Each structure stands twice: as C-alpha cells, then as structure tokens.
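Report on the structure
Each chain, written out:
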Amino acid sequence: MSNDPVVAIVGVTGAVGAEFIATMDKRGFRVGKLKALASARSAGKTVSFRGQSVVIEELTERSFDGVDIALFSAGGSISRKFAPIAVKAGAVVVDNSSAFRMDPNVPLVIPEINARRIRDHKGIIANPNCAAITALVPLWPIHQKNRIKRVIISTYQAASGAGAAAMEELVESTRANLNGQVYTPKVMPHPYAFNLFNHNTAIDPETGYNDEETKVIKETRKIFEDEKIAVGVTCVRVPVLRAHCEAITFECEKPISEDQVRAIMAQAPGVKVVDDRAKNYFPMPIDASGQDDVLVGRIRKDLSDPTGHSISMFVAADQLLKGAALNAVQIAELLPQ
Ligand code: HSE
C-alpha cells in the first residue's frame, strides 16, 4: 500500500466499532478514507472521524471494492459471510469474531506475543477473544522464561463483552431495581443488576464447559504454539461496564518466585503493575477502563503448591480496548504500508 489505506469498519455502530474509530484516531493511524458499514437499520446515520462526518452505509457484497483494510466486529455469521468477500476484493480483514480463530490458515494474533505471524499475510487475521488476550499478555513473558505447564483462570467479565445492548441492560436494570420496578432481562439470560452468572454462551452438556471457556483453552494453545499447556477456566459475567478481571494461578516447569514474576511484569510490553499491599490497591475494572495496558497485581505465591513452582495474580483490562479494538488496530499497524 503506497497511499494511506481505505479502511472499512464493519459493525461501526457497536461498542467495539465505536472503539475502532476512537483508537485509530488516538494512535494517529493513517486512513485515506473511512467506510462506515452497518446493517440497513443504521444506514444513513453518521459517525464522526477526525472532525469529519462519515455517512454509514449498508453492508453489502459490494461494500469492499477499493478497501485495503477491513476491521470486522459484527458477530460470527456476518464475518463468515462477508470476510471472504472482502478478501476477494483485495482487503486484509482483521476479524474480531470467533468465526476464523481456530482455522489453521488464519493467524490469531496478539502483537506483544506473535506479531511475526502476520508477516506479509494476505486475507483474514483473527483478533483473539478478550478473555484470552487479558490473560495471555502478562502470561507470555513468564512462559518464555519459565514454561507454564498449567494455568487456572477465573474470569469476571464485563457487560461490554456481550455488546452495547448488554451495557444498556446493566444500567437500565440497575436503575429499575433501585426504583423498585420489575425488570425483565432482554439481552442477558438472568437478572443482571446486583447479580452475576455463568457466562452467557452455550454450555456443552457433556463437558459442562461454556463456549467462552473452550475458546480461552483453544486460543491459549494456538497463540502460545503449545498444545501441551494445561488450561482450566471458569468464565463468569459480572455487573461491571467495560473491563474484564481475571484471577490467574499458574504452575511453571521450574521454581519461580514472586520477585521474579514482578521483575518480568515490570518489563512486559502491554502490562502495568498495580500491586500495592500497603494500600490494599490492586487491579480494578474502574482503573482499567479506558486504559491500553493490562493491569497486573496481587502477585503472590500459590500456597497450594509447596514446591514453589506456582504463582497467583489478579489482572484487569479494558475489554473494548486491549480486548478488542486496540488489539485489532495494533494488528493493522503491523500490515505493510
Ligand atoms: N467473549 C467476550 C465476552 C467478548 O463475552 O466478554 C469478546 O471477546
């Protein structure tokens, strides 16, 4: 690409779509022309990009003519239908759905970990699941120094991961409950205000795992290129607006100390250490919201492992930024210009 690229955003009216625009703007990502694509319902409305009003167009099979980079965040079925059309039209697609993540021909990329997988890749590049990104950014530099054999992750996932409508439901149902009104959930499977529940994806009746948990396991192995890493996950939706937290315990091949992990985290790209025992100040979603880094703290020995091979920690990251839009824009920045 010699001129500034024509960039299409598919799903521009969604929570991640809005963050694609804000993130490109914030990072000074060069854009020759922005195409804002959404369903017919939103066509004709406008979004603002760098002070210009961009009219939203209906997503059709002709939408990608002349497009160099297409950022998709509109759900798996839209990606499955339109990403191959975009590629055929000559675009590189960065897809935020799970449609292509496990396709062996599709790189699954977290730039801090495996930017090399992009190289001159043409076609589709998959953006990982936000719960996977949040755990793997801090785990990767540890894994490189002292292989992680086994990791157990418990997530506390925010409303934004289920989309803009879920964020609205959290606010509306909280207001309704406070006013003593009955609120019937429209998006979430259970009452959301003052509650938490199993992640809202389907449960495999045989294994008892939900889809989100399965994604974290498979994506960890693909991104780390380590089929042997043992991953245990419990994914839970909590009434927080836009940043995911995770309690993570990992066991390394060789002994590892708290200080070693602190030293690795202090140098880790994409990580900010928030670990103040004196003030009882550790990663919180309210601090992670709007931040690019994964906050890491509560770094401590796992007392269930007397051999000294295991560490526990707590992390928080903005699900819409590093968990979605920021990671995708970082991928786009690595594409040949
Ligand atoms: N699957 C995530 C969630 C969102 O439900 O929170 C995006 O990866």
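First, a word on what this report is: a plain description of the structure on this page.

Before going further, it helps to spend a moment on the pattern of salt bridges. All told, the structure shown has 20 salt bridges when counted by the stated rule. A salt bridge links R27 to E333; the nearest nitrogen and oxygen atoms lie 2.7 Å apart. One end of the pair, R27, is in the loop between α1 (15–26) and β2 (33–38); the other, E333, is in helix α9 (residues 321–333), with 306 residues separating them in the sequence. We classify R27 as partly exposed; its relative accessible area is 34%. A network of salt bridges, in which partner residues are shared, links E258, D259, R262, D275 and R277.

Here the focus is the sheet that holds strand β14 (residues 294–301). Overall, mixed pairing links the 6 strands, which are arranged β10-β8-β12-β15-β14-β13 in an open sheet. The strands lining the two open edges of the sheet, one partner per strand, are β10 (230–234) and β13 (271–273). Adjacent strand axes in the sheet meet at a mean angle of 25° when their direction is disregarded. Of the pairings in the sheet, the one linking β13 to β14 comprises 3 bridges and is parallel in character. Following the sheet pairing, V273 is matched in β14 by V296. Taken strand by strand, helix α7 (residues 258–267) contacts β12 (243–252), β13, β14 and β15 (310–318), and its axis lies near 165° from that of β14.

In this section: the packing of aromatic side chains. Scanning the model with the defined rule gives 4 aromatic pairs in all. Seen in terms of ring centroids, F64 and F72 are 5.7 Å apart; in terms of plane orientation they differ by 10°. Their pairing is stacked. This pair shows no difference in class: F64 is buried, exactly as F72 is. Across from the ring centre of F282, 5.4 Å away, lies the NZ or CZ of R298, which sits over that ring.

The subject of this paragraph is the sheet that holds β2. Strand order in this open sheet of 7 strands is β3-β4-β2-β1-β5-β6-β7, and the pairing throughout is mixed. The open sheet is flanked by β3 (46–49) and β7 (124–126), the only strands paired with a single partner. Strand-to-strand twist of the sheet, defined as the mean angle between neighbouring strand axes without regard to direction, takes the value 25°. As paired elements, strand β5 (residues 69–72) and strand β6 (residues 92–95) share 4 bridges and run parallel to each other. By the bridge assignment for β6, I69 is matched with V92. Contacting β1 (6–10), β5, β6 and β7, helix α2 (residues 76–88) crosses the sheet at an angle of about 175° to β5.

Thresholds, definitions, all that
Residues numbered from 1 in each chain as written. Predicted model: local features only at pLDDT ≥ 70, side-chain atom pairs only at ≥ 80, totals over all residues. Heavy atoms only, no water. Salt bridge = Lys/Arg side-chain N within 4 Å of Asp/Glu carboxyl O. Helix = DSSP H or I, 4+ residues; strand = E, 2+ residues; numbered from the N terminus. Buried < 20%, exposed > 50% of the residue type's maximum accessible area, 1.4 Å probe, protein only. Pairing = 2+ DSSP bridges. Axes fitted to C-alpha atoms, helices over the stretch in contact; angles between N-to-C directions. Contact = heavy atoms within 4.5 Å. Phe/Tyr/Trp six-rings, centres within 6.5 Å; stacked < 30°, edge-to-face > 60°. Lys NZ or Arg CZ within 6 Å of the ring centre and 35° of its normal.

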